[in-house]
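A look at the structure
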Amino acid sequence: MKQKIVIKVQQLSSEKCRAKAMKIAAREDGVSSVAVEGSERDQLVVGGEGVDPANLTSSLRKKLCPAATLLSVEEVKEKVERNPEVIISPSQSVTNFSEYLPAYYQIYQAPFPNSYEVVYDPYPTNCSIM
């Protein structure tokens, strides 16, 4: 389950503090993205899977700012879009697949050899595998 955690940190006024807060958040287990948002750029938005918001907030309080406040924790649902271009019923049989493939796919048919050549080994071995 992916989460979006928003933490308000009051001391994110300088770029150095923002970088330190992002570094602290990125070290937590399960964090996949960290961003600074808000009108005053004082909100730290952390995304990831299996992130402990209380542990993250307490580590920010210990290492950066005692006034770090957990604002929200949301579950992020991923949208899966299915856009089928061609729908074929099971009763239909498709013999020419090239009309259903995108243009960048090319169907390669290996050419059959026109002639065969017999190779003779002048130094035969006693190996039974070959």
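Structure: see above.
For clarity, every value in this text was computed on a predicted model and none was experimentally measured.

Here is what the cut-offs are and how they apply
Residues numbered from 1 in each chain as written. Predicted model: local features only at pLDDT ≥ 70, side-chain atom pairs only at ≥ 80, totals over all residues. Heavy atoms only, no water. Helix = DSSP H or I, 4+ residues; strand = E, 2+ residues; numbered from the N terminus. Buried < 20%, exposed > 50% of the residue type's maximum accessible area, 1.4 Å probe, protein only. Arc of directions from axis to C-beta. Contact = heavy atoms within 4.5 Å. Salt bridge = Lys/Arg side-chain N within 4 Å of Asp/Glu carboxyl O.

**As for the environment of serine 13**
Assignment of secondary structure puts serine 13 in the loop between strand S1 (2–8) and helix H1 (15–26). Judged by its relative accessible area of 64%, serine 13 is exposed. Put simply, serine 13 and aspartate 42 are 29 residues apart on the chain and 7.4 Å apart in space, counted from C-alpha to C-alpha.

**Side note on helix H2 (residues 53–63)**
Regarding H2, the residues found buried are Pro53, Leu56, Thr57, Ser59 and Leu60. For H2, the angular spread of buried residues about the axis comes to 160°, placing them on one side. Relative to its buried face, H2 has exposed residues pointing more than 90 degrees away, namely Ala54 and Lys62. Looking at the buried side of H2, the elements it contacts are S1, H1, strand S3 (43–49) and strand S4 (69–76).

**Describing the pattern of salt bridges**
Evaluated as defined, the whole model comprises 2 salt bridges. Here lysine 8 ties to aspartate 42 by a salt bridge, and the two come within 3.8 Å at their closest N and O atoms. One end of the pair, lysine 8, is in strand S1; the other, aspartate 42, is in the loop between strand S2 (31–37) and S3, and 34 residues separate them in sequence. Owing to a relative accessible area of 11%, aspartate 42 belongs among the buried residues under this scheme. Across the salt bridge formed by glutamate 15 and arginine 18, the nearest N and O atoms sit 3.1 Å from each other. Residue glutamate 15 and its partner arginine 18 are located together in helix H1, separated by 3 residues, close to a single helical turn. The class for glutamate 15 is exposed, based on a relative accessible area of 55%.

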